[in-house]
Amino acid sequence: MAKVLCVLYDDPIDGYPTRYPRDNLPHIDRYPDGQTLPTPHAIDFQPGQLLGSVGGELGLRKFLEDAGHQLVVTEDKDGPNSDFERELVDADVVISQPFWPAYLTAERIAKAQNLKLAITAGIGSDHVDLQAAIDRGITVAEVTYCNSISVAEHVVMMILGLARNYLQSWDLVKAGGWNIADCAARSYDIEGMHVGTVAAGRIGSAVLRRLKPFDVHLHYTDRHRLPAEVEQELGLTWHESAADMVPHCDVVTINCPLHPETENLFDAAMIARMKRGAYLVNTARGKIADRNAVADALESGQLAGYAGDVWFPQPAPRDHPWRNMPNHGMTPHISGSTLSAQARYAAGTREILECFFEGRPIRDEYLIVDGGHLAGAGAHSYSEGNATGGSEEAARFKSKPTIPVQ
Ligand code: NDP
């Protein structure tokens, strides 16, 4: 019997939903590159249901308990007295979502003597100290592609939202106003702008494809260059590094993983290389951008806008400067946790668990760390090391959320 410890975000303030705005999800055959969607033997949930919160349990309880395993689900993840820290000591498997990350630091890994598998129900395993996982021989796996398109859609929305001054205009209407000049004085078309992505992996490429019909000039930088025919089809300009690319861009979108190479990449020096009045959209990871440098650049006007849904740590402390800086479009970490994405990452998590319990190999594209080294997707896109430093600050966000969504 194995103990599976699963950390999920809180249920909605009004309780676990009994109704949803839509009756079903569209059917998707395959991901854009031909990769198959998750293939578990079965699922015990209704796609379209809220699965990522504690009440949804990723649809795993019946499957695990029928097989004689123990499932512990908690949202209490931060600080030495948290349920997570207490339950971790004899857990065989930990499941966590990047939206509400259970930081698996080296100290926590040292306490988790039985731990063999850390699953990210989503994409981005930077909340695990990958170096410590490598050193301990723990397998780290994520559900590659499950929410890449969800995020790409969100990026396009945020670029348009910032350039068109959507949020301020919406606020003005809610406040009873009709002052068009106030809205228009910060509003631009993106047509003709230069838009660059840091990384053209699954999300970055999907953003480029979605922006192409807007008649913008597209740029990218990545460790591996895209095939020449893709560059030609999308009219892409490739740059050796982010530092080389950003001076050319009116909009920059960050779509690389967080690892030692990308931590703090958008610091004051990088932001100073950007055009005055550029927009920066970061749905990758909060720690890729320096929090004070971003806030300062919005204050000074070096950046005309910053949007995204990723912070460091998560949940963000209530006094995090990104909550109140000017001209931002931040949300909590939601872009990859649509109900559509949840159905895929819950099924993918189950597929990984089935492989683990049946002694079958986990798909190579799901692997980040395996056998004491970076593996699969991790070997392609990450570098060794640790990016969890400072995560203990998450414990400062203590009480449960009290702000109802209207
Ligand atoms: P992919 O693995 O498909 O793409 C990541 C890309 O980043 C790869 O092309 C990789 O290059 C590139 N890359 C890595 N390091 C660098 C670097 N130093 N400079 C430039 N490019 C680099 O992953 P996805 O596109 O699906 O996801 C990307 C990230 O987005 C995730 O790791 C996660 O952090 C974040 N994410 C956020 C979500 C949200 O809800 N906000 C949800 C899903 C993901 P190569 O492989 O060529 O070496």
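All figures in this text were calculated on a predicted structure; none of them were measured in a lab. (Residues numbered from 1 in each chain as written. Predicted model: local features only at pLDDT ≥ 70, side-chain atom pairs only at ≥ 80, totals over all residues. Heavy atoms only, no water.)

Student: Would you mind going over the sheet that holds strand β12 (residues 328-330) with me for this structure?
Tutor: Adjacent strands of a sheet form backbone hydrogen bonds with each other and so pair up, either parallel or antiparallel. The parallel open sheet is built from seven strands, whose spatial order is β8-β7-β6-β9-β10-β11-β12. Of all strands in the sheet, those with a lone pairing partner are β8 (236-238) and β12, marking the two edges. For this sheet the average axis-to-axis angle between neighbouring strands, irrespective of direction, equals 15 degrees. Sheet analysis places strand β11 (residues 303-308) next to β12, joined by three bridges and oriented parallel. In the sheet register, Tyr306 faces β12, and the bridge partner there is His328. Sitting on the sheet, helix α5 (residues 148-163) is in contact with β6 (194-198), β9 (251-254), β10 (278-282), β11 and β12, with an inclination near 150 degrees to β10. Against the sheet, helix α12 (residues 291-300) contacts β11 and β12, and its axis sits at roughly 140 degrees relative to β11. (Pairing = 2+ DSSP bridges. Helix = DSSP H or I, 4+ residues; strand = E, 2+ residues; numbered from the N terminus. Axes fitted to C-alpha atoms, helices over the stretch in contact; angles between N-to-C directions. Contact = heavy atoms within 4.5 Å.)

Student: Please explain the site of the ligand as it appears in this structure.
Tutor: What surrounds the ligand is a group of 30 residues, the closest being Arg202, Ile203, Asp222, His224 and His380. One nitrogen or oxygen atom from the side chain of Ser148 is found 2.9 Å from an oxygen atom belonging to the ligand. At a separation of 3.3 Å, a nitrogen atom of the ligand approaches a polar side-chain atom of Asp309. Here the residues of the shell around the ligand sort into 10 nonpolar, 14 polar and six charged. (Near = heavy atom within 4 Å. Polar contact = N/O pair within 3.5 Å; in protein donor to acceptor, adjacent residues only side chain to side chain. Nonpolar A, V, L, I, M, F, W, Y, C, P; charged D, E, K, R; others polar.)

Student: Is there a simple way to explain the pairing of β9 in this structure?
Tutor: Every other side chain in a regular strand lies on the same face of the sheet, so the side chains alternate between the two faces. Going residue by residue along β9, you find Val251 and Thr253 tucked away on one face and Val252 and Ile254 tucked away on the opposite face as well. Bridge analysis of β6 against β9 gives four bridges, and the strand direction is parallel. Its bridge partner lying in β9, Val198 is registered against Ile254. Where β9 lies against β10, four bridges are found, and the strand directions are parallel. Across the sheet, residue Val252 finds its bridge partner in β10, namely Leu280. (Buried < 20%, exposed > 50% of the residue type's maximum accessible area, 1.4 Å probe, protein only.)

Student: Help me understand the nonpolar core in this model?
Tutor: The nonpolar side chains of soluble globular proteins are, as a tendency, buried together. One finds Leu58, Ile95, Leu104, Leu211 and Tyr345 to be the most contacted residues of the largest nonpolar core, which totals 93 residues. In terms of residues, this core owes the most to one element, α5, which gives nine residues. Among all residues touching Tyr345, those that are not within four sequence positions of it are Tyr9, Gly52, Leu58, Gln97, Phe99, Ala121, Gly122, Val143, Cys146, Asn147, Gly336 and Ser337. Membership of the second largest hydrophobic core comes to 32 residues, among which are Ile254, Phe266, Ala295 and Trp322. (Core = buried A, V, L, I, M, F, W, Y, C linked by side-chain atoms within 4.5 Å.)

Student: What's the story with the pattern of salt bridges in this structure? I'm lost.
Tutor: Here the idea is simple: oppositely charged side chains can pair when their charged atoms come close. Scanning the entire structure with this criterion turns up 25 salt bridges. Between Asp66 and Lys62 there is a salt bridge, and its shortest N-O distance comes to 2.7 Å. Remark: Lys62 and Asp66 occur in helix α1 (residues 61-66); sequence separation between them is four residues, near one turn of the helix. Assessed through its relative accessible area of 57%, Asp66 is described here as exposed. Between Arg396 and Glu393 there is a salt bridge; the shortest N-O distance is 2.6 Å. Overall, Arg396 belongs to the partly exposed group, its relative accessible area being 45%. A network of salt bridges, in which partner residues are shared, links Arg291, Asp319, Glu393 and Arg396. (Salt bridge = Lys/Arg side-chain N within 4 Å of Asp/Glu carboxyl O.)

These values are about where atoms sit, not about what they do.
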